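Here is how the chains run, residue by residue.
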Amino acid sequence: MPRHLNALGWDISHTQSKGTAMPPLPPPPTIVLVHGAFTDASSWARVISLLHAAGLTVRAPANPLRGLAQDAAYIRSVVRDIDVPVVLVGHDYGGAVITHAATDADNVVALCYVAGFGLDAGECVLDITNRFAPAPVADATFAAALPAQIAGGPDSELYISKERFPQEYAADLPPRVARVMSVTQRPIACGALTGRSGPPAWASTPSWYAIASADRLLNPTAQRFMAQRMAATEYVLDGSHAVVLSQPDAVVTMIREAAEQSTGRGSGDWLRQAF
């Protein structure tokens, strides 16, 4: 039997012998990471590095944080521009965005929530936060008028006070890192918190949920409620709301599981595809 060599000179004849040809694998998914309020796409930096090391393609667009319908429309346009399966990941308010955005995105094969809002039809972010005991961060936030008004745009934005940000948002990060985050935070338009979600994508798409058990921004009980309502595969992480930075390995483990199970690619298949 002739020997078949790949680009590295490895003999792969055994994979091509008569009757043993392997069926083609689906293309590996692209991971799209959607950040939430009070931060930006750089919050995914450590997660991105680990996903790249695993050979996965990653997109981390800037979530506008202007309003649920507008933000979801933007993320939907990003997803539709990708011609392979997509695993959509949302942190915090980013969870509400992916829930709304993925409904009309046929290539989304899995949803991952990281301490995120998995809203149901007709719900808004404030419905969830008001349903459960107030989070400690509640009295650390304040609304501020926009420095310049834009026609048709929001008139006020929500911030976390710089003094309280480290303990309320990122208690398990080094203080110097949390202090930097406190002064670089991206505010969310107040109106985004009252935007009503459409039919939830999690009702028809396999979902995973990482519950941050030490979260002081989104009540862990609320997180568990949303995870169970969507019948998600649950990961319970002992971390703050900034768990994407404090426990990136655990977050990536969940994302990789979602990617592998939703596309039928076991962990060994990543290597097989490479050769």
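An account of the accompanying structure is given in this report.

Each value, and the rule that gives it
- Residue positions within a chain follow its written sequence, with the count starting from 1.
- Since the coordinates come from a predicted model, pLDDT governs what is reported: local features require at least 70, and pairs of side-chain atoms require 80 or more to be given and counted, while whole-chain, interface and lining totals use all residues.
- With hydrogens and water set aside, each side-chain value is computed from the structure's full complement of heavy atoms.
- In this description a helix means any DSSP run of H or I spanning at least four residues, a strand means any run of E spanning at least two, and both kinds are numbered starting from the N terminus.
- Contacts are residue-level and defined by heavy atoms, with any inter-residue pair within 4.5 Å sufficient.
- For accessible areas, the Shrake-Rupley method is used with a probe of radius 1.4 Å. Any residue's cover is judged against the shown protein chains and nothing else.
- The definitions used throughout rest on a 1 Å grid laid over the protein atoms alone, on which a cavity is an enclosed set of points accommodating a 1.4 Å probe that cannot get out and a pocket is an open set flanked by protein within 12 Å on both sides along at least five of seven lines; lining residues are those having an atom within 4 Å of a point.
- Grid points are joined across faces, edges and corners, and a volume is the space filled by probe spheres set on the points.
- In this classification, Asp, Glu, Lys and Arg are treated as charged, Ala, Val, Leu, Ile, Met, Phe, Trp, Tyr, Cys and Pro as nonpolar, and every other residue, Gly included, as polar.
- Nitrogen and oxygen atoms within 3.5 Å of one another constitute a polar contact, given that in protein one can donate a hydrogen and the other can accept it, and given that sequence-neighbouring residues count only through two side-chain atoms.
- We call two strands paired when DSSP finds no fewer than two bridges between them.
- Lines fitted to the C-alpha atoms define the axes, with helices restricted to the stretch that makes contact. Angles between their N-to-C directions range from 0 to 180 degrees.

## Quick word on the overall build of the protein
Part 1 of the argument: Counting its secondary structure elements, the protein contains ten helices and nine strands.
Part 2 of the argument: Partitioning the contacts of the protein with sequence separation of at least 6, the portion at a separation of at least 24 is 69%.
Part 3 of the argument: Summed over its atoms, the accessible surface of the protein is roughly 12,300 Å², and 56% of this surface lies on carbon and sulfur atoms.

## Some thoughts on the layout of surface pockets
Part 1 of the argument: Counted as a void, the largest pocket has a volume near 410 Å³.
Part 2 of the argument: Elements represented by at least two residues in the lining of the largest pocket include exactly helix 4 (125-131) and strand 6 (156-160).
Part 3 of the argument: The biggest single contributor to the lining of the largest pocket is helix 4, with five residues.
Part 4 of the argument: When grouped by side-chain class, the residues that make up the lining of the largest pocket number 20 nonpolar, four polar and one charged.

## Some points on the environment of N107
Part 1 of the argument: Mapping N107 onto the fold places it in the loop between helix 3 (93-101) and strand 4 (108-114).
Part 2 of the argument: Considered as a pair, N107 and P29 are 78 residues apart in the sequence and their alpha carbons are 9.4 Å apart.
Part 3 of the argument: Looking at N107, its side chain comes within polar contact range of the main-chain oxygen of V84, at 3.3 Å.

## Regarding the sheet that holds strand 8 (residues 207-212)
Part 1 of the argument: Pairing in this open sheet of six strands is parallel, and the strands run 2-1-3-4-8-9 from one edge to the other. Two strands in the sheet have a free side with no partner beyond their single neighbour: strand 2 (57-59) and strand 9 (233-237). Mean inter-strand twist for the sheet, computed between neighbouring axes without regard to direction, equals 20°.
Part 2 of the argument: As paired elements, strand 8 and strand 9 share five bridges and run parallel to each other. Following the sheet pairing, A210 is matched in strand 9 by Y235.
Part 3 of the argument: Where helix 3 meets the sheet, its contacts fall on strand 1 (30-34), strand 3 (86-91) and strand 4, and the angle it forms with strand 3 comes to roughly 145°.
Part 4 of the argument: In this fold helix 9 (residues 248-263) packs onto strand 1, strand 3, strand 4, strand 8 and strand 9, with an angle of close to 160° to the strand it touches most, strand 4.

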